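Topology and contacts: notes
The primary structure of each chain is shown beneath.
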Amino acid sequence: MFVKERMFISEAFVALIVGIIAGPLVANGLNPYDWDDTDEITKQITRCVIAIQVMAVGIDLPRHYLKKEWRTFLILMLPIMIFMWLISGLFIWALIPTLDYILANSVVKGRFAEKHVPAHIRNVLSAESGGNDGMGFPFLFLAIFLIGEPGTGKAIGKWVYETCLFQIVLSCVIGVVVGWVARKILQWSERHRLIDKPSFLCFAIALALFLMSMTGFSGSDDVLACFVAGNAFSWDDWFRQETEEAHFQEVIDMMLNLGVFAYIGAIIPWHEFGNAEIGLSPWRLVVIAILILLFRRLPIVLALKPIMPAIKTYREAVFSGWFGPMGVGAVFLSMIAKEEMEKVFEDSVEKPVVIELLSPVVLFIVLASTLVHGTTIPLFQLGKRIRTRTLSITSTGSNT
């Protein structure tokens, strides 16, 4: 609590350091590489954490938020994500997944956010963090299909109907329907006193797990479905207002963040960072990380600020452009990318080096992002200079 609320350092940063100390680099008390199929375990852990947290993001957004700020949200999801994808690929010299991010809690929640970050910026960053992980799939699978399919036309066609329509559009439809139905069922149960308080508070988590199994069975994008369902579930703000005093979601959110970043700290492949056989060296990784942190997101957010109504000043654009931390979502997509690439080259005698590069490159960038973004929050004392009314978390929904 002291580290987060007084020093304004994110719990993700602290948990990552704990994971590094507990992992094979130092104490070797936790070594996931001793387990069978570490990549699959990593994929499922990150998938569950992301699904629950993006559900929470959708629920925490103010009433009808995506309807009111649809233009800003679409700009963040389309041109800005495309730019980030191209820049990341350019700097890494390979087609790897979009390094999108999960919640940066020290930016959108907590004492620093309440004092120094305007409510509309917190909402923008939260909405983008929720949609970003699910929208990473089209960028990832476009690269996979172009590599794996015999012709460009066939690859584009498969990407359109399998990824854009089946995974993205179907996930949105499922999310809207399930979220709306769940809200009506919960409201009916509450009116008739058929649900107790603990079950009421846990309902959103149960809904996220249900959607994971439902969309996972159909092959759709479960992460995006959870975010959309969270918005539909809390579209009228009823559930958020009923649960905001309990702080239950904040507790779950912190537990998930601490656990997953400690795990990420333990799986960082330090021995691979200097593996010359696959073209890696520490100085190259450091240069790549610096270039991506500086140029992946900040320039395009500044350039498109005039057409994003939710970002009112260039100081806010700098803040929003800088705080695009790369974490759990990047690890999740890298595991999927590695799995898909292995399928594409399953019958090949010689595997492409990109399969071996995925984990060390992505995890090094996640390490750099967590360390940099987790410690630079106090540099942005927005509340002292931005002439915008800053609202507390509890009043965000009712005043937005």
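Before any of the text, the structure's been laid out above.
Keep in mind that this is a model prediction, so the values were computed, not measured.

What about the packing of aromatic side chains?
A complete count under the given rule lists 12 aromatic pairs for this structure. Taking the centre distance of 5.4 Å and the plane angle of 35° together, the rings of Phe-200 and Phe-239 count as tilted. One end of the pair, Phe-200, is in helix α11 (residues 197-218); the other, Phe-239, is in helix α13 (residues 238-243), with 39 residues separating them in the sequence. Each member of the pair, Phe-200 as well as Phe-239, is classed as buried. What links up through ring pairs into an aromatic cluster is the set Phe-200, Phe-203, Phe-233, Trp-238 and Phe-239. Sitting over the face of the ring of Tyr-314, Lys-305 holds its NZ or CZ atom 4.7 Å from the ring centroid.

Some remarks on the pattern of salt bridges
Per the counting criterion, the structure on display carries 11 salt bridges. Between Glu-339 and Lys-343 there is a salt bridge; the shortest N-O distance is 3.9 Å. One end of the pair is Glu-339 and the other is Lys-343, both in helix α18 (residues 328-344) and 4 residues apart, which spans about a single turn. When salt bridges with common partners are traced through the structure, they connect Glu-40, Lys-43, Glu-339, Glu-340 and Lys-343 into a single cluster.

Observations regarding the nonpolar core
Residues Met-55, Ile-80, Leu-211, Cys-226, Phe-239, Ile-264 and Met-308 are the most contacted members of the largest nonpolar core, which totals 109 residues. Those residues in contact with Leu-211 that sit more than four places away from it in its chain are Met-55, Ile-174, Val-178, Gly-216, Asp-222, Ala-225, Cys-226 and Ala-229.

As for the state of the cysteines
Two cysteines, two sulfur atoms, one covalent bond between them: this is a disulfide. The tally for this structure, following the rule as stated, stands at 0 disulfides. With no disulfide of its own, Cys-226 lies 9.8 Å from the sulfur of Cys-48, the closest cysteine sulfur.

Focus on unusual backbone geometry
Most peptide bonds adopt trans geometry, and most residues besides glycine take a negative phi value. The phi angle at Asn-28 is positive, at roughly 60°, despite the residue not being glycine. Here Asp-37, not a glycine, exhibits a phi torsion of approximately 55°, which is positive. One can find Asp-37 in the loop between α2 (11-22) and α3 (38-60).

Some words on the side chain of Asp-237
With respect to the secondary-structure elements, Asp-237 resides in the loop between α12 (222-233) and α13. According to the relative accessible area criterion, Asp-237 is buried, its value standing at 2%. In terms of polar contacts, Asp-237 uses its side chain to reach the side chain of Arg-240, at 3.0 Å.

Comments concerning the layout of surface pockets
Put simply, the second largest pocket is a space of about 350 Å³. Along its surface, the second largest pocket is lined by 16 residues, and Lys-43, Phe-137, Gln-167, Ser-220 and Ile-336 are the ones closest to its centre. Of all the elements in the fold, those that place two or more residues in the lining of the second largest pocket are α3, α9 (119-148), α11 and α18. Looking at the lining of the second largest pocket, the element that brings in the most residues is α18, giving 5 residues. Looking at the lining of the second largest pocket, its residues break down into 4 nonpolar, 6 polar and 6 charged.

Quick look at the packing of helix α5 (residues 70-77) against α9
Helix-helix packing: each pair is described by the crossing angle between the helix axes and the interaxial distance. For the pair α5 and α9, interaxial distance at closest approach is 9 Å and the crossing angle is 40°. On the basis of their axis angle, the class for α5 and α9 is oblique. In terms of crossing hand, the pair formed by α5 and α9 is right-handed. Residues Thr-72, Phe-73, Leu-76 and Met-77 of α5 form the contact with α9, whose participating residues are Val-124, Ala-127, Glu-128, Gly-131, Asn-132, Met-135 and Phe-139. In terms of residue class, the contact of α5 with α9 is made up of 7 nonpolar, 3 polar and 1 charged.

Describing the packing of α9 against α18
Two numbers describe how α9 lies on α18: the axes approach to 10 Å, and their chain directions differ by 20°. Between α9 and α18, the angle falls in the class roughly parallel. Here α9 and α18 pass one another in a crossing that is right-handed. Packed against α9, whose contacting residues are Asp-133, Gly-136, Phe-137, Leu-140, Phe-141, Ile-144, Ile-147 and Gly-148, the element α18 presents Gly-329, Phe-332, Leu-333, Ile-336, Ala-337, Glu-340, Met-341 and Val-344 at the interface. Looking at the contact of α9 with α18 residue by residue, the classes come out as 11 nonpolar, 3 polar and 2 charged.

Conventions used here
- Residues numbered from 1 in each chain as written.
- Predicted model: local features only at pLDDT ≥ 70, side-chain atom pairs only at ≥ 80, totals over all residues.
- Heavy atoms only, no water.
- Phe/Tyr/Trp six-rings, centres within 6.5 Å; stacked < 30°, edge-to-face > 60°.
- Helix = DSSP H or I, 4+ residues; strand = E, 2+ residues; numbered from the N terminus.
- Buried < 20%, exposed > 50% of the residue type's maximum accessible area, 1.4 Å probe, protein only.
- Lys NZ or Arg CZ within 6 Å of the ring centre and 35° of its normal.
- Salt bridge = Lys/Arg side-chain N within 4 Å of Asp/Glu carboxyl O.
- Core = buried A, V, L, I, M, F, W, Y, C linked by side-chain atoms within 4.5 Å.
- Contact = heavy atoms within 4.5 Å.
- Disulfide = S-S within 2.5 Å.
- Polar contact = N/O pair within 3.5 Å; in protein donor to acceptor, adjacent residues only side chain to side chain.
- 1 Å grid on protein atoms, 1.4 Å probe; cavity = no way out; pocket = protein on both sides within 12 Å on 5 of 7 lines; lining within 4 Å.
- Points joined across faces, edges and corners; volume = space filled by probe spheres on them.
- Nonpolar A, V, L, I, M, F, W, Y, C, P; charged D, E, K, R; others polar.
- Axes fitted to C-alpha atoms, helices over the stretch in contact; angles between N-to-C directions.
- Parallel < 35°, antiparallel > 145°, perpendicular 65-115°, else oblique.
- Left-handed = near helix turned anticlockwise from the far one by under 90°.

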